[in-house]
Amino acid sequence: MTAMGSSRYDPDRAELAELLGGEPAYRIEQLWDGLYRQGRPLEDVTGLPAALRDRLAESLPTALGAAAEQRADDGATTKWLWRLRDGAAVETVLMHYDDRTTVCVSTQAGCAMACRFCATGQAGFERHLSVGEIVEQVVRARWASGERRVSNVVFMGMGEPLANFDATWGAVRRLHDDLGIGARHLTVSTVGIVPGIRRLTAGGLPVGLAVSLHAADDELRNELVPINRRYPLADLLDACDEHRSRTGRRVTFEWALIDGVNDRFADAERLAVITRHRGAHVNLIPLNPTPGYPVVGSSRNRVHAFRDRLADAGVAVTIRDTRGRDIDAACGQLRAGVEVQIRRPD
Ligand code: SAH
């Protein structure tokens, strides 16, 4: 057997069957079940003869070497730094809530979108992840989650999922078809790559769409989210409307509140105009500190005043429960291994 792909979660069923060669046909079911339904290390898939397991483990490498694991929020949040086979590094976050358990996955090592206030964007782009490298993050987080079943997956870690569309879509299908996570429990977050949103919509699964808006006029959005120059607001909102009408799901708009930049009442008014009649949901994220952006987040009072202003205007709005801030696991803080001190838990 020769090594296949960069993760054992890359090959599809036909490729695995080929790898099994002369083995009895039912072995593929056992292998698929072990990898996806049980989601266990190959070495523990006891239905398979030991010699075969050893051979498979050799040809089907794990993509993710754990470089560090940190906990925060009294154990409710875990962040992993993974070292990939070629040395690239990415991060995954597992979050337990009262009513759900969510895994936040990375889709690229680094990111090319260069949003000024985001640590991943500040570090630049390294490479795309493969389907298997994305899926394996969920499988690994699921082992660690134990009794708490992973109910939701959000594509909100490092990278821009829709700039790596094929792998993102492949991972969505695997998580849905083989790990059994419903489309309504999968959310793809994007800076607003319009052709990617349209392809996602056309995929035919009612996957959640979250758009990192941060500004409700082109001038400010060009500054904060440079890809807006290519896909301006009018086109972006059109694609969001199509997603809403084709999937029946309301779109979420993410808005990191930055002191004096996008937290003024005029910003709230403009945002309300955009979101109210769309039945959209606004998720406010208090800005998390990053090394390359000197501007601070809005004060607590300001965040609440902004929220109230939107709510008064009839907008469905929530404030994101920021997780993992003290371990740099919060939104916009993921910056795997780039001159960052990874602290091990005490
Ligand atoms: N590239 C995709 C997926 C990353 S999701 C996207 O941008 O949507 C990460 C979320 O955290 C995005 O909404 C992003 O805009 C937001 N974010 C980035 N930097 C942040 C910061 N410093 N504080 C709070 N949120 C931030």
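Model, not experiment: these values are computed from the prediction.

## As for the packing of helix α10 (residues 265-276) against helix α11 (residues 300-312)
Put simply, α10 and α11 touch, their axes get as near as 9 Å, and they point 35° apart. Considering the relative orientation of α10 and α11, their crossing is right-handed. Each of F265, D267, A268, E269, L271 and A272 in α10 lies in contact with α11, whose residues at this interface are R302, A305, F306, R309 and L310. Of the residues that constitute the contact of α10 with α11, the class distribution is 7 nonpolar, no polar and 4 charged.

## Some words on the pattern of salt bridges
Scanning the model with the defined rule gives 25 salt bridges in all. Here D86 ties to R127 by a salt bridge, and the two come within 2.6 Å at their closest N and O atoms. You can see D86 sitting in the loop between β2 (77-83) and β3 (89-96) and its partner R127 sitting in strand β6 (residues 125-128), a full 41 residues away along the chain.

## What to know about the confidence of the model for the protein chain
For the protein chain, the mean per-residue pLDDT works out to 93, and 96% of the residues sit at or above 70. Segment residues 338-346: pLDDT under 50, and 13 contacts once partners within four positions in sequence are set aside and those in other chains are kept.

## Brief notes about the environment of M113
Position of M113 among the secondary structure elements: in the loop between β5 (108-110) and α4 (119-123). Between the C-alpha atoms of M113 and V191, which are 78 residues apart in sequence, the distance is 7.9 Å. Not counting residues up to four positions away in its chain, the partners in contact with M113 are E160, A163, V191, I193, P226 and I227.

## A few points about the domain arrangement of the protein chain
According to the domain assignment, the protein chain consists of domain 1 (13-59) and domain 2 (65-327). Between domain 1 and domain 2, the contact holds 8 residues from the first and 7 residues from the second. For the pairing of domain 1 and domain 2, the buried interface totals around 570 Å² over both sides, and the portion due to carbon and sulfur atoms is 52%. Across the contact surface, domain 1 and domain 2 share 0 salt bridges. On inspection of domain 1 and its partner domain 2, the count reaches 4 residue pairs in polar contact (both at pLDDT 80 or more). Of the residues forming the side of domain 1 that touches domain 2, the biggest block, 3 residues, is contributed by helix α2 (residues 26-37). Among the residues forming the side of domain 1 that touches domain 2, the class breakdown is 3 nonpolar, 2 polar and 3 charged.

## Considerations on the pairing of strand β1 (residues 65-72)
The sheet contact formed by β1 and β2 spans 7 bridges and is antiparallel. Within β2, the position partnered with G65 by the bridge is R83. Here β1 hands over to β2 after 4 residues, with D73 in that stretch at a positive phi of 50°.

## Details of the environment of W143
Mapped onto the secondary structure, W143 falls in helix α5 (residues 131-145). Among the residues examined, W143 registers a relative accessible area of 37% and is labelled partly exposed. Note: C-alpha distance between W143 and G39 (104 residues apart in sequence) is 7.4 Å. Non-local contacts of W143, meaning those with residues more than four positions away in its chain, are made with G39, R40 and P41.

## Comments concerning the pairing of strand β4 (residues 101-104)
On β4, burial covers both faces: T101 and V103 on one face and T102 and C104 on the other are all buried. Pairing of β3 with β4 involves 4 bridges; the strand directions are antiparallel. Bridge pairing in β4 links M95 to T102. Pairing of β4 with strand β7 (residues 152-155) involves 3 bridges; the strand directions are parallel. In the strand pairing of β7, T102 is matched with N152.

## Details of the sheet that holds β1
The 10 strands lie next to each other as β1-β2-β3-β4-β7-β8-β9-β10-β11-β12, forming an open sheet whose pairing is mixed. Every interior strand has two partners, whereas the edge strands, β1 and β12 (316-319), have only one. Looking at each pair of strands side by side, their axes are set apart by 20° on average, direction ignored. Relative to β3, α5 is tilted by about 40°, and along the sheet it contacts β2, β3, β4 and β7. Across the sheet, α11 lies against β10 (252-257), β11 (281-286) and β12, angled at about 165° from β12, the strand it touches most.

Procedures and definitions
Residues numbered from 1 in each chain as written. Predicted model: local features only at pLDDT ≥ 70, side-chain atom pairs only at ≥ 80, totals over all residues. Heavy atoms only, no water. Axes fitted to C-alpha atoms, helices over the stretch in contact; angles between N-to-C directions. Helix = DSSP H or I, 4+ residues; strand = E, 2+ residues; numbered from the N terminus. Left-handed = near helix turned anticlockwise from the far one by under 90°. Contact = heavy atoms within 4.5 Å. Nonpolar A, V, L, I, M, F, W, Y, C, P; charged D, E, K, R; others polar. Salt bridge = Lys/Arg side-chain N within 4 Å of Asp/Glu carboxyl O. pLDDT = per-residue confidence, 0-100. Domains from an automatic or database assignment. Buried area = accessible area lost by both parts, 1.4 Å probe. Polar contact = N/O pair within 3.5 Å; in protein donor to acceptor, adjacent residues only side chain to side chain. Pairing = 2+ DSSP bridges. Buried < 20%, exposed > 50% of the residue type's maximum accessible area, 1.4 Å probe, protein only.

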